[in-house]
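Single-letter residue listing:
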Amino acid sequence: MSTVKEQYAALQHTAASFGQEHIFRFWDSLSSQQRSNFLQQIQNIDFSALQGLFDQYIGGGRAAVDGKLEPVKPIPIARDAAGRKERARMRRAGEEMLRQGKVGALLVAGGQGSRLGFDGPKGKFPITPVKNKTLFQLHAEKLLALNTRYDTRIPWYIMTSQSNDAETRAYFEQHAYFGLPAEDVFFFQQGMMPALDASGKLILDEPGHIFTNPDGHGGIFAALARTGAVDDMQQRGLEQLFYFQVDNVLVSLCDPVFIGYHLDRKAQMSAKVCPKRDAFEKVGVVGRINGKLGVIEYSDLSDELKQARAEDGSLLYNAGSIAIHVLDVAFVASLAGRKLELPWHVAHKKIPYIDAEGKRIEPDAPNGYKFEKFIFDALAWTENSAILEVERSEEFSPVKNADGEDSPATARRDMSQMYARWFRACGYEVPERENLQIEVSPAFALDADEFAAKISGEFDFSRPVYL
Ligand code: UTP
């Protein structure tokens, strides 16, 4: 084993050969523990790959997506009898998979939730309209209800990152996994990625630490393989994974209709989409890029294409991605095994740094570049995919911002409004107003049909209603 001194000399040499020697400028002031932690962090940095990323994405000025863009036509929402019959068939196939215990749930919860500005993992954010259950609890209760409904055990794989892993695990432990079997909840950590400043330099956020950020939800494939999660899935005989994000309060977890379509199309990875609110809604759309399936980012679609219309008058690029997927376990395993690399995406962001005196500065304007991978880029590797259109008001309301659109307020409103529709469908007169407070626990009903089969009694909707 080499000594700290030798390691330091070797890493200093490597860093210098990539123009990164500045990272050692506070070396003399570090304690021996800080030195060894710092060297460990530096050892894991791939200087050459970072140099390549800088040249490709920042130094040379990355071109917008070049190539041919084409829209895709999703499987439409069933509005007629034939469509409903087909859905019922898909549902039966999906339900069969669930009953046989071949479906796992895959949650990404490693993000930093910077827009929401909540101190702690986003999953701990209290969100339900009456009981204020947290996002994690809400998802856990849906899984519990599914386990009961299908007399099965759905293992839950939860991706965390360095900054929220311990707190997330502790939270589940404190709450006894919300009633789920502890051995069915599998936490795994994603990788971290160093950011660069405008001249390609690594950024120190402490005298003995380089700023890194979680490597994006696309970091999931490498993380699943590295942490043994894929092995665990295979040992349990899982075949399909239902992927979702922590901040969508309306997610229809393990939706059997979606799983059914995915199976029917012999898909490796499928995606749910919603029509865009308008041409300029800032959302990526599922489409083809040079013939390959993927998500065309908002910034990569010209204003002309954003507004282009199909023959029926709808927007041509209308398949808004809502970050819900079904993934074939064999596909996930093959990606991990083949070491296929998803592309990086770069974002100009505010990154804390330390100045010449070692003082930490929180900048007011973007000062560096973060690199992230996106899960939807794996669509390019599929041979088949089911792209399923769904109702936004039933399935998608994410908590992204502290206020305004896609915030806790809109998520609570959208939940209450959905439950109000469930009541109305059963003949209840629920006032048409924005500030209803209605909550239906997943333990009572997971969907409108289950609700209709159980609901009875009278309710006063001028007060909060909880079932
Ligand atoms: P977002 O891209 O919306 O990011 O993540 P975020 O972390 O929630 O919020 P901002 O952008 O910092 O404000 C969508 C989903 O992907 C997960 C998030 O936890 C969320 O469930 N995610 C994102 C990861 O698991 N890892 C990442 O590196 C990024």
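How each quantity is defined
- Residues numbered from 1 in each chain as written.
- Predicted model: local features only at pLDDT ≥ 70, side-chain atom pairs only at ≥ 80, totals over all residues.
- Heavy atoms only, no water.
- Salt bridge = Lys/Arg side-chain N within 4 Å of Asp/Glu carboxyl O.
- Helix = DSSP H or I, 4+ residues; strand = E, 2+ residues; numbered from the N terminus.
- Buried < 20%, exposed > 50% of the residue type's maximum accessible area, 1.4 Å probe, protein only.
- Pairing = 2+ DSSP bridges.
- Expected span 1.5 Å × (residues − 1).
- Arc of directions from axis to C-beta.
- Contact = heavy atoms within 4.5 Å.
- Near = heavy atom within 4 Å.
- Polar contact = N/O pair within 3.5 Å; in protein donor to acceptor, adjacent residues only side chain to side chain.
- Areas by Shrake-Rupley, 256 points an atom, 1.4 Å probe, with all protein chains shown as cover.
- Nonpolar A, V, L, I, M, F, W, Y, C, P; charged D, E, K, R; others polar.

A. Up close: the pattern of salt bridges. Within this structure, the stated rule accounts for 32 salt bridges. We note a salt bridge from aspartate 247 to lysine 122, for which the minimum N-O separation is 2.9 Å. Placement of aspartate 247 in the loop between strand S10 (240-245) and helix H9 (256-264) and of lysine 122 in the loop between strand S2 (103-108) and helix H5 (135-149) is noted, with a sequence separation of 125 residues between them. The two residues aspartate 247 and lysine 122 agree in class, both being buried. A salt bridge links arginine 149 to aspartate 447, with the nearest nitrogen and oxygen atoms 3.1 Å apart. Within this pair, whereas arginine 149 is found in helix H5, its partner aspartate 447 is found in the loop between strand S20 (438-439) and helix H14 (448-454), the two being separated by 298 residues in sequence. Residue arginine 149 is classed as partly exposed on the basis of its relative accessible area of 31%. Using a relative accessible area of 21% as the deciding quantity, one classes aspartate 447 as partly exposed. The network of salt bridges with common partners includes Arg153, Glu183, Asp184, Asp232 and Arg236.

B. Spatial organisation of the pairing of strand S14 (residues 319-328). Among the 10 residues in S14, 10 count as buried, and that is most of the element. Taken together, the four bridges between S10 and S14 define a ladder with antiparallel strand orientation. Residue pairing for S14: phenylalanine 242 is matched across the bridge by valine 326. Examined bridge by bridge, strand S11 (residues 269-275) and S14 share six bridges and lie antiparallel to one another. Bridged to alanine 271 within S14 is histidine 325.

C. Quick look at helix H4 (residues 81-99). For H4, spanning 19 residues, the distance from its first C-alpha to its last is 27 Å, which sits close to the expected 27 Å at 1.5 Å a residue. Within H4, burial applies to Gly83, Arg87, Met90, Gly94, Glu95, Met97 and Leu98. The buried residues of H4 occupy one face: seen down the axis, they fall within an arc of 145°. Those residues of H4 that are exposed and aimed more than 90 degrees away from the buried face are Ala81, Ala82, Lys85 and Arg92. Residues of H4 that are buried sit in contact with S2, S10, H9 and strand S19 (387-389). Positioned one or two residues after H4, glycine 101 has a phi angle of 70°, which is positive.

D. Geometry of the site of the ligand. Near the ligand lie 18 residues; those nearest to it are Val108, Ser114, Arg115, Gln190 and Lys400. Glycine 110 is positioned such that a nitrogen or oxygen atom in its backbone is 2.8 Å from an oxygen atom of the ligand. One nitrogen or oxygen atom from the side chain of glutamine 190 is found 2.7 Å from a nitrogen atom belonging to the ligand. In the complex, the protein chains occlude 89% of the 570 Å² of accessible area that the ligand would expose alone. Grouping the constituent residues of the shell around the ligand by class yields five nonpolar, nine polar and four charged.

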